[in-house]
Amino acid sequence: MSVITYRQALHDALRSEMLRDENVFLIGEEIGLFEGSYKITAGMLAEFGPKRVRDTPIAEEGFTGAAIGAAMLGLRPVVEIMTINFSLLALDQIVNHAAKIYGMFGGQAKVPMVIRTPGGGGQQLGATHSQNIELYYAFVPGMKVVAPSNPADAKALMLAAIRDDDPVLVLENLALYNTRGEVHDEDVPAEIGKAKITREGSDISVVAYSRMAAVALQVAEKLAESDGIDVEVVDLRSLRPLDRETVIASVQKTNCAVVLEDDWLTYGIGAEIAATISDGAFDWLDAPVRRVAMAEIPLPYSKPLETAALPSADDAITAIRQTLDAVARRR
(Lines give C-alpha, C1' and ligand atoms only; values in the text may rest on other atoms or scores of the structure.)
Protein backbone atom coordinates (compact mmCIF):
# COMPACT_ATOMS: atom_id res chain seq x y z
CA MET A 1 0.00 0.00 0.00
CA SER A 2 1.12 3.55 -0.73
CA VAL A 3 -0.32 6.86 0.45
CA ILE A 4 -0.97 8.98 -2.64
CA THR A 5 -3.37 11.65 -3.85
CA TYR A 6 -6.61 11.05 -5.71
CA ARG A 7 -4.96 12.79 -8.69
CA GLN A 8 -1.98 10.40 -8.61
CA ALA A 9 -4.25 7.38 -8.25
CA LEU A 10 -6.05 8.28 -11.48
CA HIS A 11 -2.74 8.88 -13.25
CA ASP A 12 -1.36 5.54 -12.07
CA ALA A 13 -4.45 3.66 -13.23
CA LEU A 14 -4.30 5.22 -16.70
CA ARG A 15 -0.59 4.54 -17.07
CA SER A 16 -0.90 0.97 -15.85
CA GLU A 17 -3.68 0.17 -18.31
CA MET A 18 -1.77 1.75 -21.19
CA LEU A 19 1.21 -0.44 -20.35
CA ARG A 20 -1.00 -3.52 -20.02
CA ASP A 21 -3.09 -3.09 -23.17
CA GLU A 22 -1.83 -1.39 -26.33
CA ASN A 23 -5.43 -0.79 -27.42
CA VAL A 24 -5.90 1.78 -24.63
CA PHE A 25 -5.32 5.36 -25.73
CA LEU A 26 -6.11 8.81 -24.36
CA ILE A 27 -7.89 11.57 -26.24
CA GLY A 28 -8.97 15.05 -25.22
CA GLU A 29 -8.16 18.73 -25.08
CA GLU A 30 -4.65 19.70 -23.89
CA ILE A 31 -3.92 16.27 -22.42
CA GLY A 32 -0.58 15.91 -24.20
CA LEU A 33 1.73 18.91 -24.36
CA PHE A 34 -0.07 20.69 -21.52
CA GLU A 35 -0.48 17.39 -19.59
CA GLY A 36 -4.15 18.03 -18.83
CA SER A 37 -5.88 20.91 -17.07
CA TYR A 38 -5.51 19.07 -13.75
CA LYS A 39 -2.27 17.23 -14.64
CA ILE A 40 -3.81 13.76 -14.55
CA THR A 41 -1.98 12.90 -17.80
CA ALA A 42 1.40 14.32 -16.73
CA GLY A 43 4.24 12.53 -18.52
CA MET A 44 1.94 10.44 -20.70
CA LEU A 45 2.82 12.05 -24.04
CA ALA A 46 6.55 11.67 -23.41
CA GLU A 47 6.13 8.01 -22.47
CA PHE A 48 3.55 6.81 -24.99
CA GLY A 49 3.79 9.27 -27.88
CA PRO A 50 1.18 11.22 -29.87
CA LYS A 51 -0.45 8.11 -31.36
CA ARG A 52 -1.74 7.06 -27.93
CA VAL A 53 -2.03 10.46 -26.25
CA ARG A 54 -4.01 12.53 -28.72
CA ASP A 55 -4.55 16.25 -28.29
CA THR A 56 -7.74 17.47 -29.91
CA PRO A 57 -9.34 20.72 -31.01
CA ILE A 58 -11.97 22.30 -28.76
CA ALA A 59 -14.70 20.08 -30.19
CA GLU A 60 -16.26 17.75 -27.60
CA GLU A 61 -18.83 16.32 -29.96
CA GLY A 62 -16.17 15.59 -32.56
CA PHE A 63 -13.55 13.86 -30.45
CA THR A 64 -16.16 11.97 -28.40
CA GLY A 65 -17.69 10.70 -31.63
CA ALA A 66 -14.23 9.72 -32.92
CA ALA A 67 -13.63 7.76 -29.71
CA ILE A 68 -16.93 5.93 -30.12
CA GLY A 69 -15.92 4.86 -33.63
CA ALA A 70 -12.52 3.73 -32.38
CA ALA A 71 -14.16 1.69 -29.60
CA MET A 72 -16.51 0.00 -32.07
CA LEU A 73 -13.44 -1.12 -34.05
CA GLY A 74 -11.68 -2.68 -31.06
CA LEU A 75 -9.71 0.08 -29.36
CA ARG A 76 -10.29 1.24 -25.78
CA PRO A 77 -10.31 5.04 -25.76
CA VAL A 78 -10.24 7.08 -22.56
CA VAL A 79 -11.81 10.44 -23.31
CA GLU A 80 -10.96 13.38 -21.07
CA ILE A 81 -13.63 16.06 -21.09
CA MET A 82 -12.13 19.05 -19.30
CA THR A 83 -15.22 19.50 -17.11
CA ILE A 84 -18.52 17.65 -16.99
CA ASN A 85 -20.21 20.90 -17.99
CA PHE A 86 -18.54 20.62 -21.42
CA SER A 87 -19.94 17.11 -21.85
CA LEU A 88 -23.23 18.77 -22.74
CA LEU A 89 -21.64 19.60 -26.10
CA ALA A 90 -21.22 15.86 -26.68
CA LEU A 91 -24.58 14.82 -25.24
CA ASP A 92 -25.89 13.43 -28.53
CA GLN A 93 -22.79 11.28 -29.03
CA ILE A 94 -22.85 9.97 -25.47
CA VAL A 95 -26.59 9.38 -25.03
CA ASN A 96 -27.73 8.54 -28.57
CA HIS A 97 -24.65 6.63 -29.73
CA ALA A 98 -22.29 5.36 -27.05
CA ALA A 99 -25.13 4.20 -24.80
CA LYS A 100 -27.30 2.79 -27.60
CA ILE A 101 -25.06 1.05 -30.12
CA TYR A 102 -24.72 -2.30 -28.34
CA GLY A 103 -28.49 -2.65 -27.91
CA MET A 104 -29.50 -1.25 -31.29
CA PHE A 105 -27.12 -3.56 -33.14
CA GLY A 106 -28.09 -6.64 -31.16
CA GLY A 107 -24.68 -6.96 -29.53
CA GLN A 108 -22.79 -7.03 -32.82
CA ALA A 109 -20.81 -3.92 -31.84
CA LYS A 110 -19.49 -2.89 -28.42
CA VAL A 111 -18.38 0.53 -27.21
CA PRO A 112 -15.65 -0.14 -24.61
CA MET A 113 -14.80 3.47 -23.84
CA VAL A 114 -14.29 5.63 -20.76
CA ILE A 115 -15.30 9.25 -20.37
CA ARG A 116 -13.48 10.75 -17.41
CA THR A 117 -14.45 14.24 -16.35
CA PRO A 118 -14.27 16.43 -13.24
CA GLY A 119 -17.29 18.21 -11.79
CA GLY A 120 -18.50 19.95 -8.68
CA GLY A 121 -18.40 23.39 -7.14
CA GLY A 122 -16.31 25.14 -4.55
CA GLN A 123 -13.56 26.33 -6.90
CA GLN A 124 -15.05 29.74 -7.88
CA LEU A 125 -15.48 28.69 -11.49
CA GLY A 126 -18.94 30.18 -11.93
CA ALA A 127 -22.34 28.63 -12.56
CA THR A 128 -21.57 27.09 -15.97
CA HIS A 129 -18.37 25.37 -14.78
CA SER A 130 -19.47 24.10 -11.36
CA GLN A 131 -22.40 21.79 -11.96
CA ASN A 132 -23.06 18.25 -10.75
CA ILE A 133 -24.91 16.82 -13.72
CA GLU A 134 -23.94 13.17 -13.34
CA LEU A 135 -27.68 12.48 -13.09
CA TYR A 136 -27.96 13.14 -16.84
CA TYR A 137 -25.83 10.06 -17.52
CA ALA A 138 -26.91 7.88 -14.62
CA PHE A 139 -30.42 8.27 -16.05
CA VAL A 140 -29.49 6.57 -19.35
CA PRO A 141 -29.63 2.77 -19.81
CA GLY A 142 -26.57 1.54 -21.67
CA MET A 143 -24.23 3.80 -19.69
CA LYS A 144 -22.32 2.99 -16.54
CA VAL A 145 -21.48 5.82 -14.14
CA VAL A 146 -18.99 5.59 -11.27
CA ALA A 147 -18.11 8.25 -8.69
CA PRO A 148 -15.04 7.45 -6.56
CA SER A 149 -14.74 9.35 -3.27
CA ASN A 150 -11.16 8.43 -2.30
CA PRO A 151 -7.81 7.59 -3.94
CA ALA A 152 -8.20 3.82 -3.56
CA ASP A 153 -11.53 3.81 -5.36
CA ALA A 154 -10.27 6.32 -7.93
CA LYS A 155 -7.64 3.80 -9.02
CA ALA A 156 -9.75 0.68 -8.66
CA LEU A 157 -12.81 2.07 -10.44
CA MET A 158 -10.72 3.55 -13.26
CA LEU A 159 -9.09 0.16 -13.82
CA ALA A 160 -12.52 -1.47 -13.91
CA ALA A 161 -13.92 1.19 -16.23
CA ILE A 162 -11.15 0.79 -18.81
CA ARG A 163 -11.54 -3.00 -18.82
CA ASP A 164 -15.34 -2.87 -19.11
CA ASP A 165 -16.96 -3.51 -22.48
CA ASP A 166 -19.62 -0.84 -21.93
CA PRO A 167 -19.22 2.95 -22.00
CA VAL A 168 -18.37 4.16 -18.51
CA LEU A 169 -18.42 7.73 -17.23
CA VAL A 170 -15.94 8.29 -14.39
CA LEU A 171 -16.95 11.29 -12.29
CA GLU A 172 -14.05 13.06 -10.58
CA ASN A 173 -14.92 15.79 -8.10
CA LEU A 174 -12.52 18.74 -8.28
CA ALA A 175 -12.43 19.07 -4.50
CA LEU A 176 -11.01 15.54 -4.18
CA TYR A 177 -7.95 15.79 -6.44
CA ASN A 178 -5.52 16.69 -3.65
CA THR A 179 -6.97 14.37 -0.99
CA ARG A 180 -4.70 11.54 0.11
CA GLY A 181 -5.24 7.93 1.10
CA GLU A 182 -3.88 4.41 1.02
CA VAL A 183 -3.95 2.73 -2.38
CA HIS A 184 -3.00 -0.81 -3.43
CA ASP A 185 0.31 -0.93 -5.26
CA GLU A 186 -1.08 -3.84 -7.30
CA ASP A 187 -3.75 -3.32 -9.94
CA VAL A 188 -6.95 -4.53 -8.31
CA PRO A 189 -10.05 -3.36 -10.19
CA ALA A 190 -13.24 -2.65 -8.26
CA GLU A 191 -16.61 -4.18 -9.02
CA ILE A 192 -18.73 -1.63 -10.86
CA GLY A 193 -22.21 -1.57 -9.37
CA LYS A 194 -21.14 -2.42 -5.83
CA ALA A 195 -21.46 0.07 -2.97
CA LYS A 196 -19.19 -0.04 0.06
CA ILE A 197 -19.87 0.31 3.77
CA THR A 198 -16.98 2.63 4.64
CA ARG A 199 -17.94 2.83 8.31
CA GLU A 200 -20.06 0.35 10.25
CA GLY A 201 -22.67 1.85 12.56
CA SER A 202 -25.94 1.09 14.33
CA ASP A 203 -27.80 4.37 14.89
CA ILE A 204 -28.37 5.80 11.40
CA SER A 205 -27.37 5.18 7.77
CA VAL A 206 -25.81 8.02 5.79
CA VAL A 207 -25.80 7.32 2.05
CA ALA A 208 -23.59 9.43 -0.21
CA TYR A 209 -21.25 9.42 -3.18
CA SER A 210 -18.21 11.31 -4.49
CA ARG A 211 -17.23 14.33 -2.34
CA MET A 212 -20.17 13.93 0.01
CA ALA A 213 -19.15 10.34 0.81
CA ALA A 214 -15.86 11.76 2.09
CA VAL A 215 -17.77 14.40 4.05
CA ALA A 216 -20.00 11.66 5.49
CA LEU A 217 -16.99 9.88 6.98
CA GLN A 218 -15.76 13.09 8.60
CA VAL A 219 -19.22 13.75 10.02
CA ALA A 220 -19.51 10.19 11.35
CA GLU A 221 -16.23 10.46 13.24
CA LYS A 222 -17.15 13.88 14.64
CA LEU A 223 -20.57 12.73 15.85
CA ALA A 224 -19.13 9.58 17.40
CA GLU A 225 -16.73 11.71 19.40
CA SER A 226 -19.05 14.58 20.34
CA ASP A 227 -22.45 12.89 20.69
CA GLY A 228 -21.80 9.17 20.84
CA ILE A 229 -23.87 8.74 17.66
CA ASP A 230 -22.89 5.61 15.72
CA VAL A 231 -23.25 6.47 12.03
CA GLU A 232 -23.05 3.87 9.27
CA VAL A 233 -21.70 5.33 6.02
CA VAL A 234 -22.70 3.85 2.67
CA ASP A 235 -20.55 5.05 -0.23
CA LEU A 236 -22.49 4.34 -3.43
CA ARG A 237 -19.36 4.39 -5.65
CA SER A 238 -21.51 3.47 -8.66
CA LEU A 239 -24.58 5.45 -9.77
CA ARG A 240 -25.47 3.11 -12.63
CA PRO A 241 -25.75 0.29 -11.93
CA LEU A 242 -26.98 1.21 -8.46
CA ASP A 243 -26.40 -1.18 -5.56
CA ARG A 244 -29.86 -0.96 -4.01
CA GLU A 245 -29.34 -4.10 -1.94
CA THR A 246 -26.52 -2.64 0.16
CA VAL A 247 -28.48 0.56 0.81
CA ILE A 248 -31.60 -1.34 1.84
CA ALA A 249 -29.69 -3.73 4.10
CA SER A 250 -28.04 -0.82 5.89
CA VAL A 251 -31.35 0.95 6.53
CA GLN A 252 -32.97 -2.28 7.72
CA LYS A 253 -30.14 -2.44 10.25
CA THR A 254 -30.25 1.19 11.49
CA ASN A 255 -33.95 2.04 10.88
CA CYS A 256 -33.29 5.56 9.58
CA ALA A 257 -31.33 7.32 6.85
CA VAL A 258 -29.94 10.60 5.58
CA VAL A 259 -28.84 11.00 1.96
CA LEU A 260 -26.07 13.44 1.05
CA GLU A 261 -25.48 14.72 -2.49
CA ASP A 262 -23.71 17.60 -4.20
CA ASP A 263 -26.33 18.09 -6.90
CA TRP A 264 -29.71 19.82 -6.69
CA LEU A 265 -32.39 18.27 -4.50
CA THR A 266 -35.21 18.14 -7.05
CA TYR A 267 -34.99 15.04 -9.29
CA GLY A 268 -31.53 14.28 -7.88
CA ILE A 269 -29.66 11.06 -7.12
CA GLY A 270 -30.91 11.40 -3.55
CA ALA A 271 -34.50 11.18 -4.73
CA GLU A 272 -33.72 7.80 -6.30
CA ILE A 273 -32.05 6.61 -3.09
CA ALA A 274 -35.01 7.78 -1.00
CA ALA A 275 -37.38 5.92 -3.32
CA THR A 276 -35.19 2.82 -3.09
CA ILE A 277 -35.36 2.94 0.71
CA SER A 278 -39.11 3.44 0.61
CA ASP A 279 -39.52 0.45 -1.69
CA GLY A 280 -37.17 -1.88 0.15
CA ALA A 281 -37.07 -0.79 3.78
CA PHE A 282 -40.29 1.11 4.49
CA ASP A 283 -41.40 -1.23 7.26
CA TRP A 284 -38.05 -0.75 9.02
CA LEU A 285 -38.06 3.07 8.97
CA ASP A 286 -38.55 4.88 12.29
CA ALA A 287 -38.41 8.33 10.64
CA PRO A 288 -38.69 9.83 7.16
CA VAL A 289 -35.59 9.81 4.96
CA ARG A 290 -33.92 13.23 4.99
CA ARG A 291 -31.89 14.59 2.09
CA VAL A 292 -29.10 17.16 2.05
CA ALA A 293 -28.21 18.82 -1.26
CA MET A 294 -27.04 22.11 -2.72
CA ALA A 295 -29.24 25.19 -3.06
CA GLU A 296 -31.40 25.12 -6.18
CA ILE A 297 -29.72 28.04 -7.90
CA PRO A 298 -27.00 28.53 -10.50
CA LEU A 299 -23.90 28.40 -8.32
CA PRO A 300 -22.61 31.92 -7.53
CA TYR A 301 -19.05 33.02 -8.30
CA SER A 302 -18.77 34.90 -4.99
CA LYS A 303 -16.89 32.63 -2.57
CA PRO A 304 -19.12 33.29 0.47
CA LEU A 305 -22.27 32.73 -1.60
CA GLU A 306 -20.82 29.64 -3.27
CA THR A 307 -19.90 28.17 0.11
CA ALA A 308 -23.38 28.91 1.46
CA ALA A 309 -25.02 27.22 -1.54
CA LEU A 310 -23.04 23.98 -1.34
CA PRO A 311 -23.95 21.22 1.15
CA SER A 312 -21.62 21.12 4.13
CA ALA A 313 -20.65 18.90 7.04
CA ASP A 314 -22.76 21.12 9.31
CA ASP A 315 -25.79 20.58 7.06
CA ALA A 316 -25.27 16.82 7.31
CA ILE A 317 -24.91 16.96 11.10
CA THR A 318 -28.13 18.96 11.40
CA ALA A 319 -30.03 16.46 9.25
CA ILE A 320 -28.69 13.50 11.24
CA ARG A 321 -29.64 15.06 14.57
CA GLN A 322 -33.11 16.03 13.31
CA THR A 323 -33.70 12.49 12.08
CA LEU A 324 -32.61 10.92 15.36
CA ASP A 325 -34.73 13.43 17.28
CA ALA A 326 -37.73 12.33 15.21
CA VAL A 327 -36.94 8.70 16.03
CA ALA A 328 -36.72 9.51 19.75
CA ARG A 329 -40.08 11.31 19.72
CA ARG A 330 -41.80 8.34 18.10
CA ARG A 331 -40.44 5.97 20.68
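Some points on the overall build of the protein chain
From N to C terminus, the protein chain includes 12 helices and 14 strands. Over its C-alpha trace the protein chain gives a radius of gyration of 20 Å, about what one expects of a compact globule, namely 20 Å for 331 residues. Dimensions of the protein chain, computed from the C-alpha atoms along their principal axes, are close to 65 × 45 × 40 Å. Within the protein chain, the proportion of its 331 residues that are buried is 55%.

Some words on the sheet that holds strand β11 (residues 231–235)
Strand order in this open sheet of five strands is β9-β11-β10-β13-β14, and the pairing throughout is mixed. Looking at strand neighbours, the two that pair on one side only are β9 (196–199) and β14 (290–294), the edges of this open sheet. Each adjacent strand pair in this sheet contributes to an overall mean axis angle of 25 degrees, direction not counted. Here four bridges tie strand β13 (residues 257–264) to β14, and the two strands are oriented parallel to one another. In the sheet register, Leu 260 faces β14, and the bridge partner there is Val 292.

Here we look at the packing of aromatic side chains
One pass over the structure, following the stated rule, counts two aromatic pairs. Both rings, one in Tyr 38 and one in Tyr 177, keep their centres 5.4 Å apart while their planes meet at 35 degrees; by these two values the pair is tilted. Of this pair, Tyr 38 sits in the loop between β2 (24–28) and α2 (44–48) while Tyr 177 sits in the loop between β7 (168–173) and β8 (180–183), and the two are 139 residues apart along the sequence. Taking relative accessible area as the criterion, Tyr 177 reaches 2% and is therefore assigned buried. Joined through ring pairs, the aromatic side chains of Tyr 6, Tyr 38 and Tyr 177 make up one cluster. Across from the ring centre of Phe 34, 3.9 Å away, lies the NZ or CZ of Lys 39, which sits over that ring.

A word on helix α7 (residues 151–163)
Spanning 13 residues, α7 covers 19 Å between terminal C-alpha atoms, matching the ideal 18 Å at 1.5 Å per step. Burial within α7 is extensive, with 11 of its 13 residues counted as buried. The distance from a side-chain oxygen at the start of α7 to the backbone nitrogen of Ala 152 is 3.2 Å, and the residue carrying that oxygen is Asn 150.

Points about the nonpolar core
In this structure, Val 79, Met 113, Leu 236, Ile 273 and Ile 277 are the most contacted members of the largest nonpolar core, which totals 46 residues. Of all the elements in the fold, those that place two or more residues in this core are β2, α3 (60–72), α4 (91–98), α6 (134–138), β7, α9 (244–254), β13 and α10 (269–281). Looking at this core, the element that brings in the most residues is α3, giving five residues. Once you skip the residues sitting within four places of it in the chain, Val 79 turns out to touch Ile 27, Phe 63, Thr 64, Ala 67, Met 113, Val 114, Ile 115 and Arg 116. The next biggest cluster of nonpolar side chains, apart from the first, holds 34 residues, and it includes Ala 13, Leu 26, Ala 154 and Ala 156.

Some thoughts on the sheet that holds strand β3 (residues 53–55)
Taken in spatial order, the seven strands of this open sheet run β3-β2-β4-β5-β7-β6-β12, and their pairing is mixed. Since the sheet does not close on itself, it has two edges, and those belong to β3 and β12 (238–240), each with one partner. Across the sheet, the mean angle from the axis of one strand to that of its neighbour is 20 degrees, orientation sign disregarded.

Focus: the side chain of Lys 155
Counting through the fold element by element, Lys 155 comes out in helix α7. In this structure Lys 155 comes out as buried when scored by relative accessible area, which is 7%. Setting aside chain neighbours within four positions, we find Lys 155 in contact with Ala 9, Ala 13, Val 183, His 184, Asp 185, Glu 186 and Asp 187.

Some thoughts on the pairing of strand β10 (residues 204–208)
Within β10, five of the five residues are buried, which leaves the element mostly enclosed by the surrounding structure. Residues Ile 204, Val 206 and Ala 208 point to one face of β10 and Ser 205 and Val 207 to the other, with burial holding for every one of them. Here five bridges tie β10 to β11, and the two strands are oriented parallel to one another. Residue Val 207 lies in a different strand from β11, and its bridge partner there is Val 234. In this fold, the crossover linking β10 to β11 by way of helix α8 (residues 211–226) has right-handed handedness. Summarising the sheet, β10 and β13 pair through three bridges and their orientation is parallel.

Here is what the cut-offs are and how they apply
- Residues numbered from 1 in each chain as written.
- Predicted model: local features only at pLDDT ≥ 70, side-chain atom pairs only at ≥ 80, totals over all residues.
- Heavy atoms only, no water.
- Helix = DSSP H or I, 4+ residues; strand = E, 2+ residues; numbered from the N terminus.
- Rg over C-alpha atoms; globule rule 2.2 N^0.38 Å.
- Buried < 20%, exposed > 50% of the residue type's maximum accessible area, 1.4 Å probe, protein only.
- Pairing = 2+ DSSP bridges.
- Axes fitted to C-alpha atoms, helices over the stretch in contact; angles between N-to-C directions.
- Phe/Tyr/Trp six-rings, centres within 6.5 Å; stacked < 30°, edge-to-face > 60°.
- Lys NZ or Arg CZ within 6 Å of the ring centre and 35° of its normal.
- Expected span 1.5 Å × (residues − 1).
- Polar contact = N/O pair within 3.5 Å; in protein donor to acceptor, adjacent residues only side chain to side chain.
- Core = buried A, V, L, I, M, F, W, Y, C linked by side-chain atoms within 4.5 Å.
- Contact = heavy atoms within 4.5 Å.
- Right-handed = clockwise from strand over helix to strand, strands pointing away.

No statement about biological role is implied by the geometric values presented.
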